[in-house]
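Fold and geometry: a report
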Amino acid sequence: MKSKKPSQVRVAVALFYVALVLTLAAPFISSDFGPRPAGFVIAVRVVAALFTVFLIEFISIGKNWARITYLVLTVLALPAPFMAARQGISISNVEVASIAVQLLAHGVGLYLLFTAPGKSWFAPSAR
C-alpha cells in the first residue's frame, strides 16, 4: 500500500491542470480575432487533452510510468513555441504570457515530482 501522497505531488498535479487549461484556451485568447481553429484541430486538441488528463490522474495515484511519460512528452514539446517563433508565426503578448506560465507550471511541477519527497513516493519500495 502506498504511503500518503506528499503535498508536493498535489501541487504538481494542480500545476499540470493549470497548464492544460491554458493550452486549451490558447486558440481563443488571441487578441487579433483571426480565424479560429478548424474542427480537425479542435478534435486533435480534445484527444490530446484527454490523454493529458489520463496521465495526470495516473501521476496523482503514484504511477511512476505516468510521471516519466509526462516528463518525456513535455521535453519533446519544448521546441514547439520556439519553432513557431522562428517560422515567423506572430503571437500576441497574451499568448506569450500564457506559454511562459505553461512552461513555468510544467517545470515546477516536474521538479516537484522528481525531487524528494515526491521522488520517493513514486519509488517501488513506497508501495
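Residues numbered from 1 in each chain as written. Predicted model: local features only at pLDDT ≥ 70, side-chain atom pairs only at ≥ 80, totals over all residues. Heavy atoms only, no water.

Side note on the overall build of the chain
- When you go through the chain residue by residue, the secondary structure sums to six helices and zero strands.
- Put simply, the chain has 127 residues, and 26% of those count as buried.
- Considering only contacts in the chain between residues 6 or more positions apart, those separated by 24 or more positions represent 76%.
- When the accessible area of the chain is evaluated, it comes to approximately 7,900 Å², of which 74% is carbon and sulfur surface. (Helix = DSSP H or I, 4+ residues; strand = E, 2+ residues; numbered from the N terminus. Buried < 20%, exposed > 50% of the residue type's maximum accessible area, 1.4 Å probe, protein only. Contact = heavy atoms within 4.5 Å. Areas by Shrake-Rupley, 256 points an atom, 1.4 Å probe, with all protein chains shown as cover.)

Focus: the packing of helix α1 (residues 7-25) against helix α2 (residues 39-60)
- Their axes nearest at 10 Å, the elements α1 and α2 cross at an angle of 175°. As the angle between them shows, α1 and α2 are arranged roughly antiparallel. Between α1, through Val-9, Val-13, Phe-16, Tyr-17, Leu-20, Thr-23 and Leu-24, and α2, the contact on the second element is made entirely by Arg-45, Ala-49, Thr-52, Val-53, Ile-56, Glu-57, Ile-59 and Ser-60.
- Considered class by class, the residues forming the contact of α1 with α2 number ten nonpolar, three polar and two charged. (Axes fitted to C-alpha atoms, helices over the stretch in contact; angles between N-to-C directions. Parallel < 35°, antiparallel > 145°, perpendicular 65-115°, else oblique. Nonpolar A, V, L, I, M, F, W, Y, C, P; charged D, E, K, R; others polar.)

Looking at the side chain of Arg-67
- Structurally, Arg-67 can be placed in helix α3 (residues 64-77).
- Among buried Asp, Glu, Lys and Arg side chains, Arg-67 stands out as unpaired, with Glu-57 the closest opposite charge at 16 Å.
- Excluding residues within four positions of it along the chain, Arg-67 makes contact with Ile-59, Leu-113, Phe-114, Lys-119 and Phe-122. (Lys, Arg positive; Asp, Glu negative; His and termini not counted. Salt bridge = Lys/Arg side-chain N within 4 Å of Asp/Glu carboxyl O.)

Considerations on helix α5 (residues 93-114)
- When the terminal C-alpha atoms of α5 are compared, their 31 Å separation across 22 residues agrees well with the 32 Å that a helix rising 1.5 Å per residue should span.
- Considered for burial, the residues of α5 that qualify are Glu-95, Ser-98, Gln-102, Ala-105, His-106, Gly-109, Leu-110, Leu-112 and Leu-113. For α5, the angular spread of the buried residues around the axis is 155°, confining them to a single face. Set apart from the buried face of α5 by more than 90 degrees, the exposed residues are Asn-93, Leu-104 and Tyr-111.
- In this fold, the buried residues of α5 make contact with α1, α2, α3 and α6 (118-122). (Expected span 1.5 Å × (residues − 1). Arc of directions from axis to C-beta.)

Let's talk about the packing of aromatic side chains
- In this structure the tally under the stated criterion is six aromatic pairs.
- With centroids separated by 5.2 Å and ring planes inclined at 80°, the aromatic side chains of Trp-121 and Phe-122 adopt a geometry described as edge-to-face. No difference in accessibility class separates Trp-121 from Phe-122, as the two residues are buried.
- Put simply, the rings of Phe-51, Phe-54, Phe-58 and Trp-65 touch in pairs and so form one group of aromatic residues.
- Between the NZ or CZ atom of Arg-67 and the centre of the ring of Phe-114, over which it lies, the distance is 4.1 Å. (Phe/Tyr/Trp six-rings, centres within 6.5 Å; stacked < 30°, edge-to-face > 60°. Lys NZ or Arg CZ within 6 Å of the ring centre and 35° of its normal.)

Some points on the packing of α3 against α5
- Two elements in contact, α3 and α5, have axes whose closest approach is 11 Å; the angle formed by their N-to-C orientations is 145°. For the crossing formed where α3 meets α5, the hand is left-handed. In this structure, α3 uses Arg-67, Ile-68, Tyr-70, Leu-71 and Thr-74 to contact α5, whose residues at the interface are His-106, Leu-110, Leu-113 and Phe-114. (Left-handed = near helix turned anticlockwise from the far one by under 90°.)

Side note on the nonpolar core
- One finds Val-9, Phe-16, Ile-59, Tyr-70, Leu-113 and Phe-122 to be the most contacted residues of the largest nonpolar core, which totals 14 residues.
- At the level of elements, α1, α2, α3, α5 and α6 are the ones that each hand at least two residues to this core.
- The dominant element in this core, judged by the number of residues it contributes, is α1, at four residues.
- Discounting residues that sit within four places of it in the chain, Leu-113 has contacts with Val-9, Ala-12, Phe-16, Ile-59, Arg-67, Gly-118, Lys-119 and Phe-122. (Core = buried A, V, L, I, M, F, W, Y, C linked by side-chain atoms within 4.5 Å.)

Take it as geometry only, folks, not as evidence of what the structure does.
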